[in-house]
Amino acid sequence: MPAATAASPWYKHLWPWIIIGILATSVCLSLTMVSIAVRNPDNLVNDNYYEAGKGINRSLDRELLAQALNLKASVHLDELTGEVEVRLTGNSAPQTLELNLISPTQPDKDRKVPLLRSEPGRYVGQLDDKVQGRRFVELLGSQDDHVWRLFEEEKVEHGVTLQLGDEALQGAEHQQ
């Protein structure tokens, strides 16, 4: 590009193109960020926070029932077959259990596994796909028409046995 003089048109100067480039880049990046925000809404915000708050007390009651029944469970995920085996000890022996593997940030990665009793204290279910990483592990069962719950945050890996009910119950110190 030949050297521009003061009398030459604006488009022959370098600085207007630099300014236009900066403005065009910022517009493109802004539109990209808007499209990402629209396509991926934030699902971590609960619109009905009052009901969620009331649910905390219900789940604490279920966890206190599990503690009163002296329940402990070991959960084993078999990587090859997808089999989920739960060994339950304590004063409850329901016919079925429900195992929930809950992702803290991605609801599409949550998994729900129904478990059937195969022998006393042993429950078996089938997991369709591989689950790994940090999860909230929830085991639900019932005793005398009351639902109990074992709930812990664990790092889930196939071939590793998870222990539920071995940690102190958080948030129920005033309800003991």
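- You'll find the chain entered in an unreviewed UniProt entry as FixH family protein, with Pseudomonas muyukensis given as the organism.

### Side note on the UniProt feature "transmembrane region" (unreviewed entry) in the chain
Right, on to step 1. UniProt annotation of "transmembrane region" (unreviewed entry) refers to residues 14-38 when read in the numbering used here.
Right, on to step 2. The span residues 14-38 is 100% helix and 0% strand, and its two end C-alpha atoms sit 37 Å from each other.

### Let's talk about the sheet that holds strand β2 (residues 83-89)
Right, on to step 1. The strand order β7-β6-β3-β4-β5-β2-β1-β8 describes an open sheet built from eight strands, whose pairing is antiparallel. Every other strand in the sheet has two partners, leaving β7 (146-156) and β8 (161-164) as the edge strands with one partner each. Each strand axis lies, on average, 25° off the axis of its neighbour in the sheet, ignoring direction.
Right, on to step 2. Of the pairings in the sheet, the one linking strand β1 (residues 72-77) to β8 comprises four bridges and is antiparallel in character. Counterpart to valine 75 in the pairing with β8 is leucine 162.

### Quick word on unusual backbone geometry
What you tend to see is this: most non-glycine residues have negative phi, and most peptide bonds are trans.
Right, on to step 1. For asparagine 70, which is not glycine, the phi dihedral falls at a positive 60°.
Right, on to step 2. Backbone geometry at aspartate 144 places phi at a positive 55°, although glycine is not the residue there.
Right, on to step 3. With respect to the helices, strands and loops of the structure, aspartate 144 is situated in the loop between β6 (133-143) and β7.

### Quick word on the pattern of salt bridges
Right, on to step 1. A complete count under the given rule lists 10 salt bridges for this structure.
Right, on to step 2. In this structure, the salt-bridge partner of lysine 112 is glutamate 98, at a minimum N-O distance of 3.9 Å. Placement of lysine 112 in strand β4 (residues 111-119) and of glutamate 98 in strand β3 (residues 96-102) is noted, with a sequence separation of 14 residues between them.
Right, on to step 3. The partner of arginine 149 in a salt bridge is glutamate 138, and the shortest N-O contact between them spans 2.8 Å. Taken together, the residues span a long stretch of sequence, with arginine 149 in strand β7 and glutamate 138 in strand β6 at a distance of 11 residues. Across the pair, glutamate 138 and arginine 149 agree in class, each one buried.
Right, on to step 4. Connected through shared salt-bridge partners, Glu85, Arg87, Glu119 and Arg122 make up one network.

Here is what the cut-offs are and how they apply
Residues numbered from 1 in each chain as written. Predicted model: local features only at pLDDT ≥ 70, side-chain atom pairs only at ≥ 80, totals over all residues. Heavy atoms only, no water. UniProt positions renumbered as here; feature names shortened; annotations may be inferred. Helix = DSSP H or I, 4+ residues; strand = E, 2+ residues; numbered from the N terminus. Pairing = 2+ DSSP bridges. Axes fitted to C-alpha atoms, helices over the stretch in contact; angles between N-to-C directions. Salt bridge = Lys/Arg side-chain N within 4 Å of Asp/Glu carboxyl O. Buried < 20%, exposed > 50% of the residue type's maximum accessible area, 1.4 Å probe, protein only.

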